[in-house]
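Each chain, written out:
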Amino acid sequence: MSAAPLTASPAWQHLQAHRKSWEDVTLRQLFREDPHRAGHFSAEACGIYLDYSKHLLRRETLNLLFDLARSRDLEARRDAMFAGEKINHTEGRAAFHAALRAPRGTIMRTGGVDVVPEVHQVLEHMARFTRAIHEQSWRGATGQPIRQIVNIGIGGSYLGPEMAWKALRAYRHPDVHLHFVANVDGATLSDVTAHLDPAETLFIISSKTFTTLETMTNAHAARHWITSALGEDAVSRHFVAVSTNAEAVKAFGMDTEHMFGFWDWVGGRYSMDSAIGLSTMLGVGVQHFQEMLAGFHAMDTHFRNAPLEQNLPVLLGLMSIWYNNFWGAQTQAILPYAYDLARFPAYLQQLQMESNGKSVDEAGQLLSVDSGPIIWGEPGTDGQHSFYQLIHQGTRLIPCDFIGFCHPLSASAEPHELLMANLIAQAEALAFGKTAEELRAEGISEAQVPFRTFAGNRPSSVLLVDALSPYSLGTLVALYEHSVFTQGIIWGIDSFDQWGVELGKVLAQRIVSDMQGKTQHPHDGSTSTLLERYLRRRGH
Ligand SMILES: O=P(O)(O)OC[C@H]1O[C@](O)(CO)[C@@H](O)[C@@H]1O
């Protein structure tokens, strides 16, 4: 990595100077100047067509962004990640999620060990277990087939599996149904178990550390639910674990034979394609899970080999830098025009915000620029009837990623046409707006003109994919993983640690102990008052 502070680097300063040339430029003008702009500012790989022509950039802008990427050694840093180097410096670990989807026979070493054989051993273990559930050779303690599977896990041990279960609705196995319990609020587990029969329910306790408060609390409550109905001996037929911590799994009373392992080089938010995806495999079957891994791998290969100029994750990552750091955009909207991708924005929220929500660089120096845009979104067209008003006419610049699919998964084509027409129309409206002159020509009264004017120039990417499938889902997730990585390299931060979640966890443990009267930690006036009031209201 370059030693020069980011903002002092020539590449950064060139971009700052270039940004000044954008004051009066409009997208209308850019499209007039270059009638082939859509072709010139689009790229395609792994079945994803990316139209980025409706962005506030010219060829010169991109060249300057590529210069910035090269000045930050993006290519060498990317190669270091794929070489299994310990690029997660603060935890002394590799970030080797690409090995999780490497085809059998590929060699991917970290710490001198080729991990691909171990990865495939775990995948085989998962596949054997999945087949046993589907073929009903693994049954519950009373001999009933397992039909209901509850994944207990939080953060990276939950968001990916839940997102994939919803996304792959059309590929679900007909005989099993998945449920997810993440929040420590007891309402979550009781809401899920209310309609389930313990005799046909399997719990997957998914936790990399197997110490996470929420997950362990829910796991113990689930254990109680099973043993109260079926007895202690039922635990081994109704619980399996996904973890890197065999000792803690044993201590919970589970057989480590029924534990699916992974490795410290898999970050939580990069783990949906590891054993953390066991629920996904159970939900959609072995073949579909393998197709999803193939999609991830295709995007890995593209990211690794394509020149920066045609590299989809690099393009997305650099455009994010452009808006975040040179246009002051604070947020980025993810807008999938697919009901089945309803949880994709939440998934990307953790991916981006836990990875890049940092304020010091890898050397521990305070960043001089903003990092980690705030990611949010909802599926279209729901969003159109709630928050799009602000995107169209508000004062903030909100770059949007529209994600759409050419082929519907449902039988009826008509609603799909409407859905996609809306996606295309929204990107058009954001970019080109509606001028006062156009309104007047339509006979709109002068008094109404200010309210009905759309300024336009609101940037968006359109990602067009043939169909939502296990493969395309894998490509989309890996696309964003590597875009987040690209951004982290530009900012010079460690995108693979998450120390920012620790303090809250520690303080919660102290407060629990205070609530239980075991300790009396000193707190600030506000915290003490809240604690006292809560305890008083609870009758303590
Ligand atoms: O899988 P675990 O160890 O229970 O952790 C769950 C989640 O908690 C975090 O460590 C912090 O929120 C995430 O990174 C992780 O995905």
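What you are looking at is a predicted structure, and each value in this text was computed from that prediction instead of being measured.

**Student:** Sorry, what's going on with the environment of Gly-474 here?
**Tutor:** Checked against the element boundaries, Gly-474 lands in helix α20 (residues 470-491). Distance from Gly-474 to His-392, taken between C-alpha atoms, is 31 Å for residues 82 residues apart in sequence.

**Student:** Explanation requested: the UniProt feature "active site" (unreviewed entry) in the chain in the structure shown.
**Tutor:** In the numbering used here, UniProt assigns the "active site" (unreviewed entry) feature to Glu-354, His-385 and Lys-505. Sequence-wise these annotated residues cover 152 residues; spatially they are dispersed, their C-alpha atoms as much as 36.9 Å apart. Within the secondary structure, His-385 sits in the loop between β11 (374-376) and α16 (388-393). Residue placement: Lys-505 occurs in helix α21 (residues 502-515). Look at Lys-505 and you get partly exposed, because its relative accessible area is 42%.

**Student:** Whenever I open this one, unusual backbone geometry confuses me. Can you help?
**Tutor:** With the exception of glycine, most residues fall at negative phi, and the peptide bonds are largely trans. Between Gly-380 and Thr-381 the backbone carries a cis peptide bond, its omega angle lying at 5°. Locating Thr-381 in the fold gives a position in the loop between β11 and α16. The backbone of Asp-73 shows a phi angle near 60°, a positive value even though the residue is not glycine. The topology assignment puts Asp-73 in the loop between α4 (59-71) and α5 (74-82).

**Student:** I tried to follow the site of the ligand on my own but got confused; where do I start?
**Tutor:** In the neighbourhood of the ligand, 13 residues make up the surrounding shell, with Gly-156, Ser-157, Ser-207, Thr-209 and Thr-212 lying closest. Measuring from an oxygen atom of the ligand, one finds a backbone N or O atom of Lys-208 at 2.7 Å. Residue Glu-354 places a side-chain N or O atom 2.7 Å away from an oxygen atom belonging to the ligand. Coverage of the ligand by the protein amounts to 87% of the 390 Å² it exposes when considered alone. When its residues are assigned to classes, the shell around the ligand shows two nonpolar, nine polar and two charged.

**Student:** So what exactly am I meant to see when it comes to the pairing of strand β6 (residues 177-181) here?
**Tutor:** Along any regular strand, the residues point their side chains to alternate faces of the sheet. Across the five residues of β6, four count as buried, placing the element largely inside the fold. In the sheet, strand β5 (residues 148-152) pairs with β6 via five bridges, with the strands oriented parallel. Bridge pairing in β6 places Ile-149 opposite Leu-178. Viewed along the sheet, the connection from β5 through helix α7 (residues 159-167) into β6 turns out right-handed.

**Student:** Please clarify how the pattern of salt bridges should be interpreted in this entry.
**Tutor:** Pairing between side chains of opposite charge can happen when their charged atoms approach one another. Counted under the stated rule, the structure contains 25 salt bridges. In this structure, the salt-bridge partner of Arg-78 is Asp-79, at a minimum N-O distance of 3.3 Å. We classify Asp-79 as partly exposed; its relative accessible area is 39%. Through salt bridges that share partners, Arg-101, Asp-273, Asp-300 and Glu-481 make up one connected network.

**Student:** It is not clear to me how the packing of aromatic side chains should be interpreted in this structure. Could you clarify?
**Tutor:** Centre-to-centre distance and the angle between the planes together describe a pair of aromatic rings. Evaluated as defined, the whole model comprises 24 aromatic pairs. Look at Phe-239 and Phe-252: their rings are 6.1 Å apart centre to centre, the planes differ by 55°, and that puts the pair in the tilted class. A residue pair is termed long-range when its members are at least 10 positions apart, and Phe-239 in strand β8 (residues 239-243) and Phe-252 in the loop between α11 (246-251) and β9 (259-261) qualify at 13 residues. The two residues Phe-239 and Phe-252 agree in class, both being buried. Through a chain of ring-to-ring contacts, three or more aromatic side chains come together here, namely Trp-12, Trp-22, Trp-322, Tyr-323, Phe-326 and Trp-327. The residue whose ring lies beneath Arg-37 is Phe-41, and the NZ or CZ to ring-centre distance is 4.4 Å. Over the ring of Phe-41 we find Arg-59; its NZ or CZ atom is 4.7 Å from the centre of that ring.

**Student:** Which parts of the structure should I look at to understand the domain arrangement of the chain?
**Tutor:** One widely used convention gives an interface's size as the accessible area the parts lose upon coming together. As assigned here, the chain comprises domain 1 (31-72 + 306-491), domain 2 (100-289) and domain 3 (503-538). Taking only C-alpha atoms into account, the centre of domain 2 sits 34 Å from that of domain 3.

**Student:** How do you make sense of the pairing of β5 when you look at a structure like this?
**Tutor:** A large share of β5 lies buried, amounting to five of its five residues. Side chains of β5 alternate between two faces, with Gln-148, Val-150 and Ile-152 and Ile-149 and Asn-151 buried alike. Summarising the sheet, β5 and strand β7 (residues 201-206) pair through five bridges and their orientation is parallel. Following the sheet pairing, Ile-149 is matched in β7 by Leu-202.

**Student:** Where do I start with helix α9 (residues 213-230) in this structure?
**Tutor:** Side chains of residues three or four places apart in an α-helix project in the same direction, reflecting 3.6 residues per turn. An ideal rise of 1.5 Å per residue puts 26 Å on 18 residues; α9 measures up with 25 Å between its terminal C-alpha atoms. Listing the buried residues of α9 in full gives Thr-215, Met-216, Asn-218, Ala-219, Ala-222, Arg-223, Ile-226 and Thr-227. Projected down its long axis, α9 carries its buried residues within an arc of 165°, all on one side. Exposed residues lying more than 90 degrees from the buried face of α9 are His-224 and Ser-228. Looking at the residues trailing α9, positive phi occurs at Gly-231, about 90°.

**Student:** Got a minute to help me understand helix α15 (residues 344-356) in this structure?
**Tutor:** Here α15 contains 13 residues, and its C-alpha end-to-end distance of 18 Å stays within 8% of the 18 Å for a straight helix at 1.5 Å per residue. Across the 13 residues of α15, 10 count as buried, placing the element largely inside the fold. Those residues of α15 that sit buried are Phe-344, Pro-345, Ala-346, Tyr-347, Leu-348, Gln-350, Leu-351, Gln-352, Ser-355 and Asn-356. Tucked into the core, α15 has its buried residues touching α7, β10 (331-336), β11, β12 (400-405) and α20.

Reading guide: rules and limits
- Residues numbered from 1 in each chain as written.
- Predicted model: local features only at pLDDT ≥ 70, side-chain atom pairs only at ≥ 80, totals over all residues.
- Heavy atoms only, no water.
- Helix = DSSP H or I, 4+ residues; strand = E, 2+ residues; numbered from the N terminus.
- UniProt positions renumbered as here; feature names shortened; annotations may be inferred.
- Buried < 20%, exposed > 50% of the residue type's maximum accessible area, 1.4 Å probe, protein only.
- Near = heavy atom within 4 Å.
- Polar contact = N/O pair within 3.5 Å; in protein donor to acceptor, adjacent residues only side chain to side chain.
- Areas by Shrake-Rupley, 256 points an atom, 1.4 Å probe, with all protein chains shown as cover.
- Nonpolar A, V, L, I, M, F, W, Y, C, P; charged D, E, K, R; others polar.
- Pairing = 2+ DSSP bridges.
- Right-handed = clockwise from strand over helix to strand, strands pointing away.
- Salt bridge = Lys/Arg side-chain N within 4 Å of Asp/Glu carboxyl O.
- Phe/Tyr/Trp six-rings, centres within 6.5 Å; stacked < 30°, edge-to-face > 60°.
- Lys NZ or Arg CZ within 6 Å of the ring centre and 35° of its normal.
- Domains from an automatic or database assignment.
- Expected span 1.5 Å × (residues − 1).
- Arc of directions from axis to C-beta.
- Contact = heavy atoms within 4.5 Å.

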